[in-house]
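Spelled out, the chains give:
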Amino acid sequence: PVLSFESTMAASDLGSRPPLEEVRWGIIGVGDVCEVKAGPAFQKATGSKLVAVMRRTTALAEDFARRHDVPRWYDDADALLADPEINAVYIATPPGSHLSLALKCAARGLPTYVEKPAARNAPETRQMVEAFESRGVPLFIAYYRRGQERFLKARDAVASGQLGELTSLQYTMVKPAHAARDGEPLPWRLRAEEAGGGLMMDVGCHTIDIIDFLVGPLANVNGAATRALAEAGYLVEDSVALTATFGPKNAALASMSWSFVGPPSSAADQIVIRGTEGELRLSTFGSEPVQVTTFSRAGVPTTEEFSFERPAHVHQPLVQTIVDELRAVPGAKCPSRGDNASRVAEAIDQVLSQYYGGRSDDFWARSSEWPGAAA
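Bear in mind that the values here come from a model prediction, so they are computed numbers and not experimental data.

Moving on, we get to the pattern of salt bridges. One pass over the structure, following the stated rule, counts 21 salt bridges. Arg67 serves as the salt-bridge partner of Glu35, at 2.7 Å between the closest nitrogen and oxygen. Of the two residues, Glu35 sits in helix α1 (residues 32-35) while Arg67 sits in helix α3 (residues 58-67), which places them 32 residues apart along the sequence. Since its relative accessible area comes to 24%, Glu35 is described here as partly exposed. Looking at Arg67, the relative accessible area reads 44%, which means it is partly exposed. Linked through salt bridges whose partners overlap, the residues forming this network are Arg146, Asp209, Asp212 and Arg343.

Written out as structure tokens, the structure reads:
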């Protein structure tokens, strides 16, 4: 059978907005992610140019600009947004500031690419999406694997029907525990006010999104989260389990787990999608071949492997889809937007809600009341 998934992409609709001849980017928050993974993508994509960057520390903003040949730098986000040459923005700060910055971009009518996760919880994500939709301003979210050949091939293999009727999906991640150092503050990824939770927000969101991309939206999401390593010095969760259903009839079962308290050098990271006629294996974060195994009626397996070179700048394929859409290149449409980002946020909120005593409010401001941290 050939499977068809309901599109997870909003239609490209610039409305009355004229196409851009060249997309001229400003980046807010040029930290580590911008050095190799993201920053150069805005310079190397066809029809794209990086014209200004911002970081709160002036010397660091200037240093990035000089090393990356960016004409202007700022230490204030409002100053960058007022730059008349900029016609699109990439927000690369921690999630705690995404919403406030994105609302400023929407108010100025600037197409915006927001680092993942879109925000700290589903309500913030919805508020962001609604602000852009109400103004007719394009919003894109940096689930950049949706633009990479490796995951496009995996999606094609699933959609082709090679695996038969989909029946199950398993995912496992195990990473080493955070190594705290005396006197050093916790990294922002372990502070809920900035991250929206623990590493599930920064790391787990990628897998939930790419599974959404491969097999379609998850339904009936449930799960649990704990802090298995209470002496680690943080209050956020470090162990998460998620179950859900998926597929055309929502009859296939997904089971996923994340442990961020594994032994040193642990690196488990594997998605397995099974159907009545075969299975597909790949990781979220690795670069090993995509492996597709099909079985004859006699049960004899045939395995194909598909290898792809990891992009030098992992954001670049997705950035190119954004640039092409904003320039109205025929058929161009970015596959990562507010709709899939909202589904990820809603799934994570569902799984982490019990740990935080709910996630519909500013839960990061009431850590003393988190049931999970008290356990």
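Here the narrative resumes, following the displayed structure.
With that settled, consider the state of the cysteines. What is meant by a disulfide is a covalent connection between two cysteines, made through their sulfur atoms. For the coordinates displayed, the defined rule picks out zero disulfides. The cysteine Cys34 is free of any disulfide, with Cys105 supplying the nearest cysteine sulfur at 14 Å. The thiol of Cys205 is not disulfide-bonded; the next cysteine sulfur, from Cys334, is found 15 Å away. On the basis of relative accessibility, which here comes to 0%, the residue Cys205 falls in the buried class.

In this chain, Lys116 is followed by Pro117 through a cis amide linkage whose omega measures -15°. Looking at the secondary structure, you find Pro117 in the loop between β5 (112-114) and α6 (122-135). A positive phi angle, near 55°, is found at Asp69, a position not held by glycine. Tracing the backbone shows Asp69 in the loop between α3 and β3 (72-74). Non-glycine residue Asn220 carries a positive phi angle of around 50°. The residue Asn220 is located in strand β8 (residues 219-226) in this model. Residue classification places Asn220 among the exposed positions, given a relative accessible area of 53%.

Reading the values: rules and limits
- Residues numbered from 1 in each chain as written.
- Predicted model: local features only at pLDDT ≥ 70, side-chain atom pairs only at ≥ 80, totals over all residues.
- Heavy atoms only, no water.
- Salt bridge = Lys/Arg side-chain N within 4 Å of Asp/Glu carboxyl O.
- Helix = DSSP H or I, 4+ residues; strand = E, 2+ residues; numbered from the N terminus.
- Buried < 20%, exposed > 50% of the residue type's maximum accessible area, 1.4 Å probe, protein only.
- Disulfide = S-S within 2.5 Å.

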